[in-house]
Amino acid sequence: MKEGRFQRTAVILITAALLLSLPALCGYYVVHNLIFAGINLIAVLGLGLLIGFSGQVSLGHAAFYGIGAYASALLTLRLGLSFWAAWPLAGIIAGIAGFLLAIPSLKVAALYLVMTTIGFSMIVWLIMLQWSGLTNGPNGIIGIPSPTIAGFALDSPAKYYYLVLVFSLAALWLMNRIVKSSIGLRLMAIFDQEEAAKSVGVNTIYFRVLAFVVSSIFAGVAGSLYAHYVTFIHPENFDIWISVIFLVTAVFGGQRSIPGITASSIILTFATEYFRVFGQYRMIGYGIFLAVCMIYFPEGISKLKLGPISRIFSKPGNNPSQ
Amino acid sequence: MESLIQTIIGGLSIGGIYGLVALGFTIVYRSLYVINFAQGDVFMVGSFLGWVGFSLTSRYPVPIFFGVLVAGGVIAFITTFLIYKKIHRADHLTFAIASIGVGIVMQNIVRMFSPDAKRYPDVFGDKVLSIGHVYISTQYIWILGITLALIVLLQLFFYKTKFGKAMRAVSENRDMASLLGINVPQTVYATFVISSVVGAVGGILIGPIYFFSFDMGFMTGLKAFSAAILGGIMSVPGTLIGGFILGVTENLGGVYVSSDYKDAIAFGLLIFMLMVKPTGLFGKKK
Amino acid sequence: MIRKKGLLIALVVILSLGMAGVTIAADPIKVGTLMALTGPGAAFGTNMLFGLQMAIDDINAGGGLLGRKIEIISIDDAAQPAQSVSAITRLIHQDKVDIIIGGWGSATVLANFKGAEKAGMPYIECGGSNPRVTRGNNNQWTFAALQNDEKQSKVISKLALEMGYKRFAILHDRNDFGVGGRDEFSKGLDEYGKLKPVVIESYQMGDKDFNAQLIKIRDAKPDALGLFGTLVEASAIAIQMKKLGMNLPIFSMAGIANVNYIRLGGEAVEGTILASHFNRHLSPETEAWAKRYEEKFKQSSVIADPTSAWMSYSAAANCFPRAVKMAGSMDKTKIRDALRQVKWREYGQDIDNYFDKEHAIVKETIIVQVKNGDFAFLKKMKPF
């Protein structure tokens, strides 16, 4: 027992040391991608909750990501708020939007939910594009300020990396707690056996809406982090393809598996960037990958043995991802 | 007044296209209860093949037309063999993602051959009839005609032919149908082949009006799906009428309300219908 | 212990020799470029890349610059702002290029030039015509080699007014390019003619059906149309206009000065008047260059379009070598300073081109008109 704990602590410390020193070890470009991997991770964790735990498939996730990004950008630029006030507000605003989408989703059969979310996503995108007074329309928003800590601006990838690292770890921890909590258990109950759940008094409506709201808060916060890193956002950044990428990342990771989603976010973010050299063939490969993956690995990579990493995330005997 | 009529006519013609592509969704959904996200790209492939054919020669439009349909059917057959037949029984998310993948592959293969938009020669004639200030292009008439003819053909097929009835039986109860000796895998192939051919027809018809481009499938596919839901995804004539309604409503909204948010009409209608009556205006409850 | 230390010292020596070796050899000058090679802008982007390639091949054939050959590193950004930011980051920090010549799409360039500014990388952008790339930014490193929309719309509005039109309809794409065109054209109408457009309609890139907008325009009874958007839609609009019985003269800008506009639009686009950057009929040299370009790239699946290729060709063949010679080295600050002073003359033009204080290019506007399936040269207008 003691040995097990020692091993675990050692792994955690080494991982921590590695994570903290990455910017020094790796080039600019790698760190740049790690930041995107972290941002995607936060968004996809939210989506994983929605798909994997409440069974509601959504291709509208980019809408909440975008709402978070725009909200954060506008709050800092137009109202002069600091990033530290803006990001939680962005999350809340995205959460409210999530609540709005949850309403039609309750009345819609599972298969059609995907289309509802697409429709919602397109409408949000259109608003971003047309409501120039608010969003600056097709010109996008330039000059989003970088976050500052005590006057020290996080305006380089190396510095921003630490910010995203903290947020990612917090998101992982938070999602882990949600999933293990009674909320998570109840959501799974609803997903797996809706009628049975209802019969034991689980308020399915409440939990389904909650899943939407929580997942969109995660997406909104991710969007805020995105906006303050790239400092320029445009409706194009939040179109349906982004939702598809989020969905694919979630499915590739195995929707219910937090370690799976983590690995998936990192792998896919880097793969998309590094395969860029192949041009069009990259996209063909991507499409083939999707189709083949669905045939042979519908559960994503969560079924692969992830060994010690997944052991960190689970206490023995109580791991829903297995 | 003339502007109103003009608007409606334009709406009917684009609506016919939506209806044709939507039929593809309907045929697949009715039989297999999955949504084929590649339907819009199938429509695009049909348009591309049509362009290839008509660029070689515009002198034999009819054989080329049927040639494209055959080619479309063959592609559907291959895709089914490689991918669809393995997952059509999986859960809807799995199929959805796989079909998204198929769509991406189709788009990018076509893009390799044609990154530019392409103009169709005016195979349906370039005459424009005018009644007062209302202008009707002969292409619109062809679209309407072929679409209606297809509906009749499809209804005949599903209700009067042995194979069509077999397909309907499979959709009602697969295991029973199999027990009755119906070749279920064959119907799976047939489902995808027919839905692709129908989509390809839409692609050829739209070519002369709106050009062909490798990315034309996405938006059209989405709106076609809205049309299918609107009219009733389980009903063939319903889907087509849904297409007309969507096309006309979109155009009217675009002219008289706001052209900025014209696209939102399609999506708003979709969400509304899904909430209120997901079986569509003409659908029967399942 | 001694062995380990010795090994370490040996390693360090070898490493530094290796590094030194790297700099002693005549390694190539690296020109980075990014543009849409996939996606809707691919027709323009691919030609821009070809133009760059042709220029670099010409320079290398002549011995290169500073005794070194030039190498191109190109990245596809699909004209997507987010991807473009990643792409330019990669060029600057991973591939460590010496200069960037390229960039296509207003939204894209507006996103990616910040990367160049932050990193101190000279960047000659050849494909973002939105004035906001240079206006008011106090750019230190970014140069706009493309005449921007503001200047072009002013020119075309002045011309349209000179030709006697009074009732203008505007139909524009809702993206940066279209909105910019609408605004600047309206400003020009106001400034030079004290006129306002009688109707303004818009559409979304990707739309196929413009009946709604065209019917509204028809109802307003204009006598000319200012069309600001990109290729495919512009041609479709021209065709659908004819099908509605509308015979309006069309005025537009360089965004559609590409052979595909004519190829797609056919007869419907005859007579369109455009402010452009280049026309092959301008002079015998432009004709010869265009022929050479088409010959060189005729095998490509993308149609070779000299107009789209000219901007990058000229930046790389005329502007860049002169700046390097003036700077005497590839030191980025020296190159940047040289770019601020360099002047060059393009084929068939009457005045020198140079970058003004805001790093925006100063050159003549070439007005062309679609005649008999080709872009015929109409006139040149000097900057005003």
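Residues numbered from 1 in each chain as written. Chains lettered and ligands numbered in written order. Predicted model: local features only at pLDDT ≥ 70, side-chain atom pairs only at ≥ 80, totals over all residues.

**Side note on the overall build of chain B**
Line of reasoning, step 1. Helices and strands together make up the secondary structure of chain B, namely eleven helices and two strands.
Line of reasoning, step 2. In sequence order, chain B lays out its α and β elements as α-α-α-α-β-β-α-α-α-α-α-α-α.
Line of reasoning, step 3. Here the C-alpha radius of gyration of chain B, 19 Å, is about what a compact globule of 286 residues would show, namely 19 Å.
Line of reasoning, step 4. By principal-axis analysis of the C-alpha atoms, chain B measures approximately 60 × 45 × 35 Å.
Line of reasoning, step 5. Counting over 286 residues, chain B shows a buried share of 58%.
Line of reasoning, step 6. Summarising the internal contacts of chain B: among those between residues at least 6 apart in sequence, 76% fall at separations of at least 24. (Helix = DSSP H or I, 4+ residues; strand = E, 2+ residues; numbered from the N terminus. Rg over C-alpha atoms; globule rule 2.2 N^0.38 Å. Buried ≥ 20, exposed ≤ 12 C-beta atoms within 10 Å, placed from the backbone. Contact = placed C-beta atoms within 7 Å.)

**Digging into the domain arrangement of chain C**
Often the size quoted for an interface is simply the accessible area lost on bringing the parts together.
Residues and elements named next belong to chain C.
Line of reasoning, step 1. Segmenting chain C into domains produces domain 1 (29-147 + 283-362) and domain 2 (150-276).
Line of reasoning, step 2. The gap between the C-alpha centroids of domain 1 and domain 2 is 28 Å.
Line of reasoning, step 3. Between domain 1 and domain 2, the contact holds 14 residues from the first and 15 residues from the second.
Line of reasoning, step 4. When contributions to the side of domain 1 that touches domain 2 are tallied by element, the ones reaching two or more residues are helix H2 (42-61), helix H4 (106-119) and helix H11 (306-327).
Line of reasoning, step 5. Tallying contributions element by element places H4 first for the side of domain 1 that touches domain 2, with three residues.
Line of reasoning, step 6. In terms of residue class, the side of domain 1 that touches domain 2 is made up of seven nonpolar, six polar and one charged. (Domains from an automatic or database assignment. Nonpolar A, V, L, I, M, F, W, Y, C, P; charged D, E, K, R; others polar.)

**Side note on the interface of chain B and chain A**
Line of reasoning, step 1. Facing 34 residues of chain B, the contacting portion of chain A comprises 32 residues.
Line of reasoning, step 2. Counting only elements with at least two residues in the side of chain B that touches chain A, the list comes to helix H3 (61-87), helix H4 (92-113), helix H9 (217-231) and helix H11 (262-276) of chain B.
Line of reasoning, step 3. Ranked by the residues each element gives to the side of chain B that touches chain A, the list is headed by H4(B), at 15 residues.
Line of reasoning, step 4. Along the lines of polarity and charge, the residues of the side of chain B that touches chain A split into 25 nonpolar, five polar and four charged.

**A short note on helix H3 (residues 81-94) of chain C**
All names here are of chain C.
Line of reasoning, step 1. Compared with an ideal rise of 1.5 Å per residue, which puts 14 residues at 20 Å, H3 spans 19 Å between its outermost C-alpha atoms and is within 8% of the ideal.
Line of reasoning, step 2. Across the 14 residues of H3, twelve count as buried, placing the element largely inside the fold.
Line of reasoning, step 3. Among all positions of H3, only Pro-81, Ala-82, Gln-83, Ser-84, Val-85, Ser-86, Ala-87, Ile-88, Thr-89, Arg-90, Leu-91 and Ile-92 are buried.
Line of reasoning, step 4. Taken from the residues just after H3, Lys-96 is the one with a positive phi, measuring 50°. (Expected span 1.5 Å × (residues − 1).)

**As for the nonpolar core**
Line of reasoning, step 1. Core analysis: the biggest nonpolar cluster contains 315 residues, and A:Ala43, A:Phe218, A:Ala222, A:Leu290, B:Ile97, C:Ile101 and C:Ala145 have the highest contact counts within it.
Line of reasoning, step 2. In this structure, this core is formed jointly by two domains, domain 1 (29-147 + 283-362) and domain 2 (150-276) of chain C, each of which donates at least three residues.
Line of reasoning, step 3. Contacts of B:Ile97, omitting those with residues within four sequence positions, involve A:Leu247, A:Val248, A:Val251, A:Leu290 and A:Met294. (Core = buried A, V, L, I, M, F, W, Y, C linked by C-beta atoms within 7 Å.)

**As for the interface of chain C and chain B**
Line of reasoning, step 1. Tallying the contact residues gives 29 residues for chain C and 28 residues for chain B.
Line of reasoning, step 2. Elements with a contribution of two residues or more to the side of chain C that touches chain B: H2, strand S7 (199-203), helix H7 (211-219), helix H8 (231-243) and helix H9 (259-265) of chain C.
Line of reasoning, step 3. The dominant element in the side of chain C that touches chain B, judged by the number of residues it contributes, is H7(C), at six residues.
Line of reasoning, step 4. Of the residues in the side of chain C that touches chain B, the class split is twelve nonpolar, ten polar and seven charged.

**Section: the confidence of the model for chain C**
The predicted structure's coordinates, where accompanied by low pLDDT, should not be read in detail.
Residue and element names in this part refer to chain C.
Line of reasoning, step 1. In the predicted model, chain C carries a mean pLDDT of 87, and 93% of its residues have values of at least 70.
Line of reasoning, step 2. Here residues 12-25 is modelled with pLDDT under 50, and outside its nearest four sequence neighbours on either side it reaches one contact, counting other chains as well.
Line of reasoning, step 3. Interface scoring of the predicted complex returns ipTM 0.78; its pTM is 0.79. (pLDDT = per-residue confidence, 0-100.)

**Description of the pairing of strand S8 (residues 224-228) of chain C**
Residues and elements named next belong to chain C.
Line of reasoning, step 1. Burial analysis of S8 places five of its five residues in the buried class, which makes it a mostly covered element.
Line of reasoning, step 2. Neither face of S8 is left uncovered, since the one carrying Ala-224, Gly-226 and Phe-228 and the one carrying Leu-225 and Leu-227 both have all their residues buried.
Line of reasoning, step 3. Relative to S8, strand S6 (residues 168-173) is paired through five bridges, and the arrangement is parallel. Opposite His-172, over in S8, you have Phe-228 as the bridge partner.
Line of reasoning, step 4. In this sheet, strand S9 (residues 250-252) lies alongside S8 in parallel orientation, the contact comprising two bridges. (Pairing = 2+ DSSP bridges.)

**Re the pairing of strand S1 (residues 29-35) of chain C**
Residues and elements named next belong to chain C.
Line of reasoning, step 1. Counting buried positions along S1 yields six of seven residues, so the element is predominantly enclosed.
Line of reasoning, step 2. The pairing of S1 with strand S2 (residues 70-76) spans seven bridges and is parallel. Bridge pairing links Met-35 to Asp-76 in S2.
Line of reasoning, step 3. Across two bridges, S1 lies against strand S3 (residues 99-102) in parallel orientation. Residue Val-31 lies in a different strand from S3, and its bridge partner there is Ile-99.

**Concerning the environment of C:Asn211**
Line of reasoning, step 1. Summarising the element assignment, C:Asn211 is placed in helix H7.
Line of reasoning, step 2. With 22 C-beta atoms packed within 10 Å, C:Asn211 lands in the buried category.
Line of reasoning, step 3. As a C-alpha pair, C:Asn211 and C:Asn148 span 63 residues in sequence and 30 Å in three-dimensional space.
Line of reasoning, step 4. Other than its neighbours up to four places away in sequence, C:Asn211 contacts B:Thr7, B:Gly10, B:Asn251 and C:Gln240.

**Re H4(C)**
Residue and element names in this part refer to chain C.
Line of reasoning, step 1. For H4, with 14 residues, the first-to-last C-alpha span of 21 Å sits near the 20 Å given by 1.5 Å per residue.
Line of reasoning, step 2. Of all 14 residues making up H4, ten are buried, and the element is well covered by its neighbours.
Line of reasoning, step 3. Positive backbone phi, approximately 70°, marks Gly-120, located one or two places after H4.

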